[in-house]
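# Summary of structural features
What follows is the residue order along each chain.
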Amino acid sequence: MKINNKDIIQSYIMTTAIYDYSIYQKRILYRVVEAFQSLTKGQKLQGTLTAEKDLFGDYHITMPISAFLAHEKDSNYEQVKKALKDLENKSFEYEDDKEWELIRIIQNPKILKYANDVTFRINPKIFDAILNFSKGYRKYELKTAMSFESIYSMRFYELLSGQKRPLSYTIDNLKIMFKLEDKYKLTADFIRNTIDVAKKELDTKSPYSFEYSTNKKGRKIYSITFYPVYNPENRDPVLENKALQKRVSLSWDLDRIVINYLKENFGFSDMEIKNNIDLFKVAQKELPDLLYFLSEIKVKAQEAKQSPQAFTIGAIRRKLNELK
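First, a word on what this report is: a plain description of the structure on this page. Bear in mind that the values here come from a model prediction, so they are computed numbers and not experimental data. (Residues numbered from 1 in each chain as written. Predicted model: local features only at pLDDT ≥ 70, side-chain atom pairs only at ≥ 80, totals over all residues. Heavy atoms only, no water.)

### What about the packing of aromatic side chains?
Scanning the model with the defined rule gives 18 aromatic pairs in all. Geometrically, the ring pair formed by F210 and F226 is edge-to-face, given 5.4 Å between the ring centres and 85 degrees between the ring planes. Pair noted here: F210 is in strand β10 (residues 208-217) and F226 is in strand β11 (residues 220-230), with a separation of 16 residues, a long-range link. Since its relative accessible area comes to 0%, F210 is described here as buried. Grouping aromatic residues by their ring pairs yields a cluster made of Y152, F156, Y169, F178, F210, Y212 and F226. A cation over an aromatic ring shows up here: R318 above the ring of F311, its NZ or CZ 5.9 Å from the ring centre. (Phe/Tyr/Trp six-rings, centres within 6.5 Å; stacked < 30°, edge-to-face > 60°. Helix = DSSP H or I, 4+ residues; strand = E, 2+ residues; numbered from the N terminus. Buried < 20%, exposed > 50% of the residue type's maximum accessible area, 1.4 Å probe, protein only. Lys NZ or Arg CZ within 6 Å of the ring centre and 35° of its normal.)

Structure, rendered in structure tokens:
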């Protein structure tokens with residue numbers, strides 16, 4: 001199945017989750033993110049790819065086996081089978097200040113040999129985790145993500161794609177995130193086999209890479225600060241052109257994902273969005289990233305004395321006035 005390149009939006013919850021998936025398992029999940037995003041936007045899925053919700057809320061996914069391969073020359077179907085089997089036995093682990101949760105990734109995977117398709121079920125909480133933008137999100141190119149040969153390149157690409165500010169992580173937190181607590185006793189070995197490997201591949205393939213510096217406590221490296229680096233020569237020119245068109249043209253409709261975010265996180269009704277559609281369109285055109293701005297004001301909107309909707313409208317107007 002040919003990869004039609006597109007910008008994929010993934011929740012920061014999933015981006016920073018704790019897991020140790022293989023490359024093929026990650027490619028399966030990239031396709032799941034693609035399918036769920038298409039459903040949210042009301043877009044038709046490609047080819048034989050389908051995603052249907054049953055009466056119990058589970059999602060039944062059908063995709064051609066080739067959807068999980070890196071490119072047309074990749075024919076490693078046994079790796080796909082192994083990835084499905086292992087993924088069925090793994091869970092998605094997430095923890096924040098309020099709760100810890102373990103969610104089974106996929107259930108009942110099958111390969112329909114005559115149709116050359118794969119089917120499996122997904123818990124609705126996985127759907128929610130992928131599209132929960134309450135803590136922010138990351139946007140990345142599907143084709144680039146699918147092309148990586150290192151799982152660490154995939155993880156750092158997700159963390160740094162579109163990022164403009166430096167990110168700092170302790171060595172212990174990085175090891176926990178990558179499920180490497182019991183490996184690489186020497187920090188130098190950890191850096192060489194994960195961070196340096198990822199940086200090398202990102203520099204070559206990705207529009208987003210990084211430089212980094214180590215921070216010490218005494219003589220011991222305690223944390224690492226990552227400085228995002230944008231490599232425009234690695235950006236898909238077609239996707240970049242589409243992104244620029246969205247910013248300069250008011251004739252584009254408001255993004256479906258923005259509409260859903262306004263409803264789910266600020267309590268906007270269809271009528272309230274319609275009554276303020278001109279303001280939202282201007283904000284989508286003028287602000288560097290409307291969805292990111294909304295994620296930044298979400299907590300303040302919920303704590304404000306006025307309604308979240310009124311606070312949001314006021315915050316957008318103030319931000320637009322600042323830009324003027």
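There is more to say, and it comes next.
### As for the side chain of T225
Along the chain, T225 turns up in strand β11. We classify T225 as buried; its relative accessible area is 9%. Here S168 takes part through its side chain, which lies 2.8 Å from a polar atom of the side chain of T225. A polar contact is formed between the side chain of T225 and the side chain of N215, at a distance of 3.0 Å. What T225 contacts, discounting residues up to four positions off in sequence, is P166, L167, S168, E211, Y212, S213 and N215. (Polar contact = N/O pair within 3.5 Å; in protein donor to acceptor, adjacent residues only side chain to side chain. Contact = heavy atoms within 4.5 Å.)

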